[in-house]
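In case you want the letters, here they are:
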Amino acid sequence: MVQILSSWIRLFLYLLWPLVLTLLVEVNVGLLLLRDVNYLPTLFVMNLLTNPLLNLLLILLVGIMNFSYGITLGVLEIIVWVAEGWILWIQHSISIKKCLLLSFILNGCSYVAGLLI
């Protein structure tokens, strides 16, 4: 029982760091670019959903199923980029092109921040 709990705690902590980093970067860069606090809930919630899911899938596909890390991460990042662009488009009255561009910039910034740390 203690071993199972320890595994869940390790998984939680493993997922927490990228989530915190992503939220710090993407929410702040998004607010700087958009200059509108009405986007804050969308930026926060969409990353709260997509980041842990991306990292869980990365663990599953790379760590358990032995997929290539680089290719898997690239494919998952593209899926997240499009999904977050779509979420922004659904939630706010801006063009899909602007939403996809914003999502690309935000995800690019958090990806680079993750590489630097």
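Placed above this text is the structure.
An account of the accompanying structure is given in this report. All values reported here derive from a predicted model rather than from experimental measurement.

**With respect to the environment of Trp-81**
Counting through the fold element by element, Trp-81 comes out in helix 3 (residues 69-91). Residue classification places Trp-81 among the partly exposed positions, given a relative accessible area of 26%. Residues Trp-81 and Cys-99, spaced 18 residues apart in sequence, show a C-alpha to C-alpha distance of 9.7 Å. Once residues within four sequence positions are removed from consideration, Trp-81 is found in contact with Leu-100, Ser-103, Phe-104 and Asn-107.

**What to know about the layout of surface pockets**
By volume, the largest pocket is sized at about 580 Å³. Lining the largest pocket are 26 residues, with Pro-18, Leu-54, Asn-55, Tyr-69 and Leu-73 sitting closest to its centre. Sorting the residues of the lining of the largest pocket by element identifies helix 1 (2-34), helix 2 (40-64), helix 3 and helix 4 (96-116) as the ones contributing at least two each. Take the lining of the largest pocket: its biggest share by element is nine residues, from helix 2.

**Some words on the state of the cysteines**
Taken as a whole and judged by the stated rule, the model has zero disulfides. Sulfur of Cys-99: no disulfide; nearest cysteine sulfur belongs to Cys-109 and is 17 Å away. Exposure remark for Cys-99: the relative accessible area of 0% places this residue in the buried category.

**Some remarks on helix 4**
Under the 1.5 Å per step criterion, the end-to-end length of helix 4 is 30 Å for 21 residues, consistent within 8% with the ideal 30 Å. Of all the residues in helix 4, the buried ones are Cys-99, Leu-102, Ser-103, Leu-106, Asn-107, Ser-110 and Ala-113. Buried residues of helix 4, viewed axially, fall in a sector of 120 degrees; they line one side. Residues Lys-97, Leu-101, Phe-104, Leu-115 and Leu-116 are exposed on helix 4 and point more than 90 degrees away from its buried face.

Thresholds, definitions, all that
Residues numbered from 1 in each chain as written. Predicted model: local features only at pLDDT ≥ 70, side-chain atom pairs only at ≥ 80, totals over all residues. Heavy atoms only, no water. Helix = DSSP H or I, 4+ residues; strand = E, 2+ residues; numbered from the N terminus. Buried < 20%, exposed > 50% of the residue type's maximum accessible area, 1.4 Å probe, protein only. Contact = heavy atoms within 4.5 Å. 1 Å grid on protein atoms, 1.4 Å probe; cavity = no way out; pocket = protein on both sides within 12 Å on 5 of 7 lines; lining within 4 Å. Points joined across faces, edges and corners; volume = space filled by probe spheres on them. Disulfide = S-S within 2.5 Å. Expected span 1.5 Å × (residues − 1). Arc of directions from axis to C-beta.

Interpretation note: all reported values are geometric properties and have no functional meaning in isolation.
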